[in-house]
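Listed here are the chains, written in short residue letters.
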Amino acid sequence: MKTEPIQPARIAYTAEAQPPSAPAFGDIYHPAAGALAQARHVFLGGNDLPRRWRRRDRYTVFETGFGLGNNFLATWQAWRDDAERPQRLCFVSLEKHPPRRDDLARLHHRHEVPHLAAQLVAAWPPLTPNLHTLSFEGGRVTLLVGFGDITRLLPELSAEVDAFFLDGFAPAKNPDIWDCRVLKGLGRLAAPGATAATWSVARPVRDGLVEAGFRVERAPGFGSKREMTVARFEPRFQPPRLGAWQPAAGLERSAVIVGGGLAGCAAAHALALQGWQCSVLETHAHPAQETSGNPGGLFHGVVNPQDGAHARFNRTAALHAARAYAALRAGHDIAGQWDGLLRLESAPDGADAALAAMQATLDAQALPPEYVQAIAAADASRRSGLSLRLPAWYYPGGGWLRPSDLAKALLASAPGVTWRGGQRVAGLRHDADGWELLDADQQVLARAAVVVLANAHDAARLLRPTHWPISRVRGQTTSLPDTTPGLPHARLPVAGSGYLLPPHGGQVLCGATTQPGDDDASLREADHRYNLDQLARLCGAAPQVPLASLAGRVGWRCVSDDRLPVIGPVVDESALGAPRQRLDHARYVPRLPGLYLYTGLASRGITWALLGAEVLAAWISGAPCPVESDLRDAVDAARFVSRAVRRAS
Ligand SMILES: Cc1cc2nc3c(=O)[nH]c(=O)nc-3n(C[C@H](O)[C@H](O)[C@H](O)COP(=O)(O)OP(=O)(O)OC[C@H]3O[C@@H](n4cnc5c(N)ncnc54)[C@H](O)[C@@H]3O)c2cc1C
């Protein structure tokens, strides 16, 4: 999917009692009779809510046109007020011109539901393209908001929608959002028995809904509108969902996760938030003792001129991580620093040319400064307290943290997770009842219909695939006492070729080596030398110290062939190769029932762990997917099979 730069909403403020308007569309955001009153009458009432969501586990609403968020706020308030509310409310909404946070704050400062409006304003993301997940009520209310054109984003959504709120500016003023192809796209997302409501009774809207498989009726309208449209999804034919994207439905909602590093703990957290009971089986007694046991690591986004899958996944993940980690930090001790990170850019044609190219990329993609800024070396030096010679990407939401603290916080904040340390899974067995996880004596450690292999490289030993697209890349870090003469002290984490963290607990961490195919677990002086040389290149200074005195740590990154994580149901290799079998897209590749992979976190586990886990949890539970479909394809565990088939043909 090609990324489109986001143009924020231009909002005209009128007299106090008048609704704000959008000059670009020549329309008001809501009727003068009240945004929340309209939401309650047209969208909640028109979809027979709250009655229809009662006693449901999850209820999903989809809205065309987020506007200023009043329909979301009214729905959230109705959910809070209802004693029989669903366990989880997912509100999915698309908006081409989202409001800036300042506008939202100004418009909502005397809101009818002030406590909810204030939370929405506080969580409002930087206006970067595509999907953002905002989480409220301890994860029970989710707003999945997509910034961009609906015709581009709607086909990229994976969700099963119970109620549609068709809003947006009037069909005559904003025909795109009411286009019959958009309305048809709703049918693809509709759950059995889904309903829709809109204040519009325009003929093309009603006809479009009928064509999309809805039975439409008129109902009394709101305010000055005599009538509105309500609809029920009753299609003559609904194509079945493709196998690979089917949630693990009909099963009792419990899963076993193998591996208690960042991937396993994040997977347990994400599934628990979807109401699943999880057991985490881990060889070590405590979480995050292997690669995730590093004393510190960086998290931040990525910018590249093409804005390909790698940059997009990193952007969504970094913004999501910054929000989620801020919430986790409020209740848990997580060592780290959260107020920005610098990533130096190489400058083969000089610093000025590099900075100009960086700024041109930001301008072309209209990436907002709350996400990333291109800054000159002098500015980077001022922020970091170092003497830097290269321009830098400054990520205000980036930082560093101790991964084991994060892993523990994820487990501690997830209801219904059982930690089973000291349990090494030696084998897997499948029968009609599901999966058995075996120890070295072939004794059953656990049984489950759903198993997630989050055990890094060891997943290959359990699966024995014919092709394993993930390599082990050794990395050694170096730690020095912060009193070491000549050691630079950074105020912010700085990365480039190598990285340097600010002093913490009397130590300064720098690193790291990158050594594919190297299995040596011992600390090597040559690698400390390499790290200090990198440090000197990074910030022009490195201490002269006896290498034998240095501390450090060795770990192995799991790096996939395309440097993206590996997520989703495991390929059923025994079902490959049938005559005329279609395998050119991951969605056609046959999978093993109930067996999922979550690995390949490379050197980005801190940034990716949570978003990747939520993609996995959506896959398993059927919740709306937090990334666009093409991005999910890009991380799908079956992509290597379909790619090989495409290359061969
Ligand atoms: C030197 C170095 C520097 C890094 N720097 C950064 C950084 O700055 N930022 C960043 O984001 N990332 C960084 N990373 C990468 C990051 O550490 C990883 O992406 C992340 O830790 C991977 O987490 P994981 O859970 O997939 O793997 P692991 O942490 O290795 O967890 C896998 C777990 O599975 C368990 N296990 C394995 N087999 C079994 C079995 N059969 N039964 C039960 N349990 C099993 C293991 O004991 C282990 O606890 C760095 C990595 C290295 C090596």
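Keep in mind that this is a model prediction, so the values were computed, not measured.

### What to know about the site of the ligand
Item 1. Of all residues adjacent to the ligand, which total 38 residues, the nearest are Glu282, Ser292, Leu298, Asp458 and Ile606.
Item 2. Val425 is positioned with one of its backbone polar atoms (N or O) 2.8 Å from a nitrogen atom of the ligand.
Item 3. In this structure, a nitrogen atom belonging to the ligand sits 3.2 Å away from a main-chain N or O atom of Ser603.
Item 4. Within the complex, the protein chains bury 94% of what would otherwise be the 1,000 Å² of accessible surface of the ligand.

### Quick look at the domain arrangement of the chain
Item 1. Under the domain assignment used here, the chain contains domain 1 (21–239) and domain 2 (244–291 + 405–469 + 561–648).
Item 2. Summarising the inter-unit geometry, the C-alpha centres of domain 1 and domain 2 are found 33 Å apart.
Item 3. On the side of domain 2, 16 residues touch domain 1, which itself brings 17 residues to the contact.
Item 4. A combined buried area of about 1,300 Å² lies between domain 1 and domain 2, and 44% of that area is made up of carbon and sulfur atoms.

### Here's the deal with the packing of helix H2 (residues 70–81) against helix H4 (residues 114–123)
Item 1. Where H2 meets H4, the closest approach of the two axes is 10 Å, and the angle between their N-to-C directions is 125°. Taken as axis vectors, H2 and H4 run oblique relative to one another. Two packed elements cross with a definite hand, and for H2 against H4 that hand is right-handed. Residues Phe72, Leu73, Trp76, Gln77 and Arg80 of H2 form the contact with H4, whose own contacting residues are His115, Leu116, Ala117, Gln119 and Leu120.
Item 2. Class assignment for the residues of the contact of H2 with H4 results in 6 nonpolar, 3 polar and 1 charged.

### As for helix H10 (residues 351–365)
Item 1. Across its 15 residues, H10 extends 21 Å between first and last C-alpha, which sits within 8% of the 21 Å expected from 1.5 Å per residue.
Item 2. Those residues of H10 that fall on the buried side of the exposure criterion are Ala354, Met358, Thr361, Leu362 and Gln365. Buried residues of H10, viewed axially, fall in a sector of 95°; they line one side. Facing away from the buried side of H10, by more than 90 degrees, are the exposed residues Asp352, Asp363 and Ala364.

### Focus on empty space enclosed by the protein
Item 1. Across all of its chains, the model carries 1 cavity of 30 Å³ or more by this definition.
Item 2. Estimates place the volume of the largest cavity at around 40 Å³.
Item 3. Lining the largest cavity we find Arg88, Leu89, Cys90, Gly139, Arg140, Val141, Thr142, Leu273 and Gln274.
Item 4. When contributions to the lining of the largest cavity are tallied by element, the ones reaching two or more residues are strand S4 (88–95) and strand S6 (141–147).
Item 5. Considering each element in turn, the lining of the largest cavity owes the most residues, 3 residues, to S4.
Item 6. In terms of residue class, the lining of the largest cavity is built from 4 nonpolar, 3 polar and 2 charged.

### Quick word on the UniProt feature "domain: FAD dependent oxidoreductase" (unreviewed entry) in the chain
Item 1. The positions that UniProt labels "domain: FAD dependent oxidoreductase" (unreviewed entry) are, in the present scheme, residues 255–619.
Item 2. With 28% helix and 28% strand, residues 255–619 has end C-alpha atoms that lie 13 Å from one another.

### A word on the state of the cysteines
Item 1. Tallied over the full model, the rule gives 0 disulfides.
Item 2. Between Cys90, a cysteine without a disulfide, and Cys625, which holds the nearest cysteine sulfur, the sulfur-to-sulfur distance is 12 Å.
Item 3. Among the residues examined, Cys90 registers a relative accessible area of 7% and is labelled buried.
Item 4. Distance from the sulfur of Cys510, which forms no disulfide, to the nearest cysteine sulfur (Cys539) is 8.9 Å.
Item 5. By relative accessible area, which is 1% here, Cys510 ends up buried.

### Some remarks on the packing of aromatic side chains
Item 1. This model, assessed by the stated rule, comprises 17 aromatic pairs.
Item 2. The interplanar angle of 25° and the centroid separation of 5.3 Å between the aromatic rings of Phe43 and Phe165 together place this pair among those described as stacked. Here the residue Phe43 occupies a position in helix H1 (residues 35–46), and Phe165 occupies one in strand S7 (residues 161–166), the gap between them amounting to 122 residues. Considered together, Phe43 and Phe165 belong to a single accessibility category, that of buried residues.
Item 3. Between Phe72 and Phe136 the ring centres are 5.9 Å apart and the planes differ by 40°, which places this aromatic pair in the tilted class. Taken as a pair, Phe72 in helix H2 and Phe136 in strand S5 (residues 130–136) lie far apart in primary sequence, 64 residues in all.
Item 4. Note on Phe136: relative accessible area 4%, which makes it buried.

### Some details on the sheet that holds strand S23 (residues 450–453)
Item 1. Reading across from one edge, S19-S12-S11-S23-S31-S30 is the order of the 6 strands in this open sheet, with mixed pairing throughout. Looking along the sheet, the strands with just one partner apiece sit at the ends: strand S19 (417–421) and strand S30 (566–571). The average angle at which neighbouring strand axes cross in this sheet is 25°, direction not considered.
Item 2. Judged from the 4 bridges that link them, strand S11 (residues 254–258) and S23 form a sheet pairing that is parallel. By the bridge assignment, Ala255 is partnered in S23 with Val450.

### Details of the packing of helix H8 (residues 262–273) against helix H12 (residues 403–412)
Two measures define how a pair of helices packs: the angle their axes make with one another and the distance between the axes.
Item 1. Relative orientation of the contacting elements H8 and H12 amounts to 25°, with a least axis distance of 8 Å. With respect to their mutual orientation, H8 and H12 come out roughly parallel. Relative to H12, the crossing made by H8 is left-handed. Here Leu262, Cys265, Ala266, Ala268 and His269 of H8 come into contact with H12, specifically with Pro403, Leu406, Ala407, Leu410 and Leu411.
Item 2. When the residues that make up the contact of H8 with H12 are grouped by side-chain class, the tally is 9 nonpolar, 1 polar and no charged.

Reading the values: rules and limits
Residues numbered from 1 in each chain as written. Predicted model: local features only at pLDDT ≥ 70, side-chain atom pairs only at ≥ 80, totals over all residues. Heavy atoms only, no water. Near = heavy atom within 4 Å. Polar contact = N/O pair within 3.5 Å; in protein donor to acceptor, adjacent residues only side chain to side chain. Areas by Shrake-Rupley, 256 points an atom, 1.4 Å probe, with all protein chains shown as cover. Domains from an automatic or database assignment. Contact = heavy atoms within 4.5 Å. Buried area = accessible area lost by both parts, 1.4 Å probe. Axes fitted to C-alpha atoms, helices over the stretch in contact; angles between N-to-C directions. Helix = DSSP H or I, 4+ residues; strand = E, 2+ residues; numbered from the N terminus. Parallel < 35°, antiparallel > 145°, perpendicular 65-115°, else oblique. Left-handed = near helix turned anticlockwise from the far one by under 90°. Nonpolar A, V, L, I, M, F, W, Y, C, P; charged D, E, K, R; others polar. Expected span 1.5 Å × (residues − 1). Buried < 20%, exposed > 50% of the residue type's maximum accessible area, 1.4 Å probe, protein only. Arc of directions from axis to C-beta. 1 Å grid on protein atoms, 1.4 Å probe; cavity = no way out; pocket = protein on both sides within 12 Å on 5 of 7 lines; lining within 4 Å. Points joined across faces, edges and corners; volume = space filled by probe spheres on them. UniProt positions renumbered as here; feature names shortened; annotations may be inferred. Disulfide = S-S within 2.5 Å. Phe/Tyr/Trp six-rings, centres within 6.5 Å; stacked < 30°, edge-to-face > 60°. Pairing = 2+ DSSP bridges.

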